[in-house]
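# Architecture at a glance
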Amino acid sequence: MNSPQAKIDIDSYEAGFLLGLYECMVQIREFEEGVKFLFLEGTMPGTIHQCQGQEACAVGVCTALEPTDWITSTFRGHGHALAKGLSVDEMLFELFGAATGCAGGKGGSMHMVNMDKGMIPSIAIVAGGVPVAAGMALAFKMQQTGQVAACFFGDGAIAEGAFHEGVNMAAIWDVPVVFICENNQYGASTHVSKVMRAATIAERLSSYGIDGRRIDGNDVIAVYEAARRAVDDCRAGRGPAFLELMTYRRTGHSRRDACHYQPKPEREQWLENDPIVRLGQALIEAGHATTEELDAVRKHILTSFDDAVERAKAQPQPTLADLTTHVLA
Amino acid sequence: MTTTTTPKKVTIAEALRGAIAEEMERDPRVFCLGEDIAVPGGWGGAFTVTLGLEERFPDRMINTPIAELGFFGVGVGAALMGMRPIVDVQYGDFLFLAMDQIVNNAAKMCYMSGGQCKVPLVMRAPVGATGRGSQHAQNLERYFIGVPGLKVVAVSTAYDARGILKAAVRDDNPVLIFEHKLLYGSKGARAESGAIDASSEIPEEDYVLPLDQAAIRRHGDDVTIVGWLLTAHLAQQAADRLAVDGVQAEVIDARSLSPIDFATICASVEKTGRLVIVEEGPKTGGVGAEIAAGVTERLGDRARASIRRVASADIPVPFTPVLENAYVPDVPRIMAAALDMVKG
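We now turn to the structure provided with this report. Worth saying up front: this structure is predicted, and the values here are computed from it rather than measured. (Residues numbered from 1 in each chain as written. Chains lettered and ligands numbered in written order. Predicted model: local features only at pLDDT ≥ 70, side-chain atom pairs only at ≥ 80, totals over all residues. Heavy atoms only, no water.)

### Regarding the overall build of chain A
Broken down by element type, chain A carries 11 helices and seven strands. In summary, chain A has a C-alpha radius of gyration of 19 Å against a globular reference of 20 Å for 329 residues, a match within 12%. Judged by the C-alpha coordinates and their principal axes, chain A covers about 55 × 50 × 40 Å. Counting every position in chain A, which comprises 329 residues, the buried fraction comes to 57%. Within the structure as shown, chain A displays about 13000 Å² of accessible surface, and the carbon and sulfur contribution to it stands at 51%. Mean positive and mean negative side-chain charge positions of chain A (28 and 41 charges, respectively) differ by 5 Å. (Helix = DSSP H or I, 4+ residues; strand = E, 2+ residues; numbered from the N terminus. Rg over C-alpha atoms; globule rule 2.2 N^0.38 Å. Buried < 20%, exposed > 50% of the residue type's maximum accessible area, 1.4 Å probe, protein only. Areas by Shrake-Rupley, 256 points an atom, 1.4 Å probe, with all protein chains shown as cover. Lys, Arg positive; Asp, Glu negative; His and termini not counted. Charge placed at Lys NZ, Arg CZ, Asp CG, Glu CD.)

### Focus: helix α5 (residues 129–143) of chain A
Because each turn of an α-helix spans 3.6 residues, side chains separated by three or four positions in sequence point in the same direction. Residues and elements named next belong to chain A. Between its first and last C-alpha, α5 extends 21 Å over 15 residues, near the 21 Å set by a 1.5 Å rise per residue. Burial analysis of α5 places 12 of its 15 residues in the buried class, which makes it a mostly covered element. Looking only at α5, the buried set comprises Gly129, Val130, Pro131, Val132, Ala133, Ala134, Gly135, Met136, Ala137, Leu138, Ala139 and Phe140. Looking one or two residues beyond α5, the residue adopting positive phi is Gln144, at roughly 50°. (Expected span 1.5 Å × (residues − 1).)

### So, empty space enclosed by the protein
Enumeration over the complete set of coordinates arrives at two cavities of 30 Å³ or more. Size it by volume and the largest cavity reaches roughly 80 Å³. Every residue lining the largest cavity is counted, 15 residues in all, and those nearest its centre are Gly45(B), Ala46(B), Phe47(B), Asp88(B) and Arg124(B). When the residues that make up the lining of the largest cavity are grouped by side-chain class, the tally is seven nonpolar, five polar and three charged. Here the second largest cavity defines a volume of roughly 40 Å³. Lining the second largest cavity are Lys36(A), Ile48(A), Gln50(A), Thr251(A), Gly252(A), Ser254(A) and Arg255(A). Class assignment of the residues belonging to the lining of the second largest cavity gives a composition of one nonpolar, four polar and two charged. (1 Å grid on protein atoms, 1.4 Å probe; cavity = no way out; pocket = protein on both sides within 12 Å on 5 of 7 lines; lining within 4 Å. Points joined across faces, edges and corners; volume = space filled by probe spheres on them. Nonpolar A, V, L, I, M, F, W, Y, C, P; charged D, E, K, R; others polar.)

Right, here's the structure in full:
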């Protein structure tokens, strides 16, 4: 992969498009930071698995999708949901367990969903979404809809049987699904090098006849371009595709995990390699934005988030009458 | 106006095959997914149910690798996107491999999405001890009846198989259909020794059966005997012989295992005052335990006698015929339990 601080090549893109990527990444970052505070403060129930540092993966991939395309996500799914177009309100309300949340308070952090925006409930069983995404893509192929499924999972998922079974079936049936491994290098506290002998996940995919590629996952443009090619290939009937996005989980696996198992030099190196800072620098150097303008983007997002928190606190909770509804369709 | 045609006698395997074909004709979203279901010159699944369908529906009979976890997940994904998959395993025992997709995804998607998702997935699984040892023999019903979001049914006649399969395909929820290897009426190389005739005369007209109702197979006032799959047939045989002794048993084929049709069962037990539950599978933690508890809760003192369970020993399914025969409930044991209650 590229050296961590490698310059992002934005030359062929318009300012508006790039600022959109930037804003979406900042939105995810500040959503996650705000949620972490609310959780630690005790305001918000439940548990959280966060994606600070991995924003370019969600944003780069989802920007390459059409609104009619679908994603599957994981227990670490807030970023994917925001990038696929779910609103801060519907997600925050869900985190507060409100009846007005995206799953009516029955899903929670690990099951963000909006069937009108192309996101089935996040699947919190590791690799559980891989065969499901293959099945979604099979449906698209059988119905000839031209849609594509994008399946997010982490490096931890590649040891699961469901991963290999799902990827293999997608491959033998040539279905339009892009498998996206966000290799943040840790499955909970275990480093990826301790769970596989191969040097890259991409090379393991080649054994299924899928051309796997390793990409700098903290370069949002590199992710977008790779995802774009993968999605185009799938839509043209040349699926499935696979992307290994190299990134880093700078927050704990969940809740109050202090990440003592991550070596300090490694953490510091990856903190330097911040996907938002990297794009911001490129925008400033290209004259697309000033530091002040980028700060203003962040401040606006923060203010909106604070407003959303106030709304979330005032949302109605489900009543006991809701306890047994929606068990069956 | 529909024309009435002469009913024809078919086996369960034939009834299922016909029902699947008709549902695929009726609705282009219906397709089959499973092992060895679409191989020309092949078996039509483990028990001939899908035999020949690949010629009629070459694009909708999807033959899978041996990967139950994977293809049940594929079924869930396709169902979420509006298809109506019929997924089957060769032996029910293999459902354990697919458990995560069935329990965590298929059954929960609707609830954990606040009602946004539906998973119209039909799952078919053959069960029953048939000379294959411990791992191709279990009755899996017990593991699924306590999974909210899942409908669980068991078919013991060809007439039911056709109506229930069609209802399951048209239902918006995941439906798990249990079938018994000794009841299929599979022919040729896939025929089973010790098979019981479960064929029915069925009309050619379309019909569906409810997925939540038991069926009363025989009326009687002295004792209620509940079974399903193979044991529904054994219960009827026992009832016929009890009648010789002057004991009139009411036989109920539970048919719907989740939900359990307590209205039908309790109405019968209120009348007879006695209940024998016959289950193939270990007694401990079985479906029979749930039926017994539910009836007791609902009827309280109105059931005059204690409830008896005739079930298998708490052991894995043994291979050798002498032990396997002792594992499966039989007519003498059912009769003994009924007579003990009636005379005691």
